[in-house]
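# Notes for the structure review
Chain by chain, the residues:
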Amino acid sequence: MAANYDGEPLLQVEGLKQYFQVSKTFTVKAVDDVSFKIYPGETYGLVGESGSGKSTIGRSVIRLYDPTAGKITFNGMDISGKMSKDVNDKLRTQMQMIFQDPMASLNPRKKIGEIIGEGLEIHNTYNSAAERNNAVKAILEKVGLSPEHATRYPHQFSGGQRQRVGIARALIMNPKLIIADECISALDVSIQAQVVNLMKDIQDETGTAYMFIAHDLSMVKYISDRIGVLHLGHLLETGTTEEIFDRPVHPYTRSLLSAIPAPNPIVEKQRKALRYDYKTSGIDYAKGTNHLVEGTHYVKCTDEEFAEWLPQSLHSVYESAEESGQ
């Protein structure tokens with residue numbers, strides 16, 4: 001099932017700010033004025049280095065954190081402020097999260113069947129114990145596990161299997177949006193491919209939308225329809241996968257893409273990673289506004305920076321690296 005860009009967005013985040021007060025004099029601005037949309041059935045990839053605010057955005061959207069400022073609209077409901085019981089119940093069933101650490105997010109004292117079926121019990125969405133057990137077995141088979149696994153404990157599984165349990169727990173509620181918070185970073189590369197292919201197959205079957213949080217750009221390129229590049233709590237560049245990879249505009253995006261190894265040994269020999277240091281770059285993220293490059297491709301910068309960066313974006317990151325002599 002392809003993404004539907006004609007209707008209303010499933011999730012709309014406008015001016016999201018998430019600040020944490022560490023002491024009386026110091027506040028961490030983890031997320032600062034971030035806006036983006038996710039449409040039904042699409043995968044939106046959120047990328048950036050560690051500490052850039054990716055996971056904080058995911059946790060704010062699903063309301064594990066109370067946003068400092070901004071508006072979050074999900075499936076026509078305003079979920080940014082205090083929510084009514086009805087809105088809260090809908091949010092808890094229609095939006096699910098797959099966590100980064102598959103071991104830490106599973107209760108070691110509960111069997112897999114109990115963990116996966118917990119959402120059904122909390123929201124009382126089944127008529128009998130047999131119906132609940134059948135739903136658990138069906139979802140286990142969907143994620144590539146055996147129904148017999150329902151009676152085992154988390155420590156009896158490998159990392160990849162535990163992550164499949166996390167996916168099953170999210171899927172059993174039949175959500176409209178799944179926030180996948182670096183759900184493959186703790187896994188071996190071969191297992192990563194299996195889990196991502198499984199997520200794509202499930203999306204084709206159910207039409208679920210994903211917010212895919214990751215720092216592995218090659219994986220994000222493979223799974224995402226659109227991408228947002230995050231740095232120091234600011235969303236610097238957003239667009240379709242092709243727009244971001246074919247014509248990166250922001251120096252930070254260009255430095256990220258130039259760090260990806262090329263599968264062609266001749267091209268790889270020529271590759272030189274572009275360096276980017278915010279402190280010495282002279283760029284102030286707070287002064288930037290969204291500028292349209294083309295299509296759905298936006299970059300956050302000042303008018304002067306936009307005029308300077310746009311001609312450079314026509315060159316590939318490999319050419320730019322050679323020209324800069326780095």
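None of these values were measured; they are calculated from a predicted model. (Residues numbered from 1 in each chain as written. Predicted model: local features only at pLDDT ≥ 70, side-chain atom pairs only at ≥ 80, totals over all residues. Heavy atoms only, no water.)

### Focus on unusual backbone geometry
- The phi dihedral of Asp33 falls on the positive side, at around 60°, and the residue is not glycine.
- Here Asp33 is to be found in strand 2 (residues 27–38).
- For Leu232, which is not glycine, the phi dihedral falls at a positive 50°.
- Here Leu232 shows up in the loop between strand 9 (226–231) and strand 10 (234–240). (Helix = DSSP H or I, 4+ residues; strand = E, 2+ residues; numbered from the N terminus.)

### Some remarks on the sheet that holds strand 1 (residues 11–21)
- Strand order in the open sheet formed by four strands is 2-1-4-5, and the pairing between neighbours is antiparallel. The outermost strands of the open sheet, each flanked by one partner alone, are strand 2 and strand 5 (77–78).
- The pairing of strand 4 (residues 69–74) with strand 5 spans two bridges and is antiparallel. Following the sheet pairing, Thr73 is matched in strand 5 by Asp78.
- On top of the sheet, helix 1 (residues 54–61) reaches strand 1, strand 2 and strand 4; it is set at about 110° to strand 1, its chief contact. (Pairing = 2+ DSSP bridges. Contact = heavy atoms within 4.5 Å. Axes fitted to C-alpha atoms, helices over the stretch in contact; angles between N-to-C directions.)

### Remarks on the pairing of strand 11 (residues 289–294)
- Here strand 11 pairs with strand 12 (residues 297–301) via five bridges, running antiparallel. Residue pairing in the sheet places Thr289 in a bridge with Cys301 of strand 12.
- Hairpin connection from strand 11 to strand 12: two residues lie between these consecutive antiparallel strands, with Gly295 at a positive phi of about 60°.

Functional significance is not addressed by these values, which are geometric in nature.
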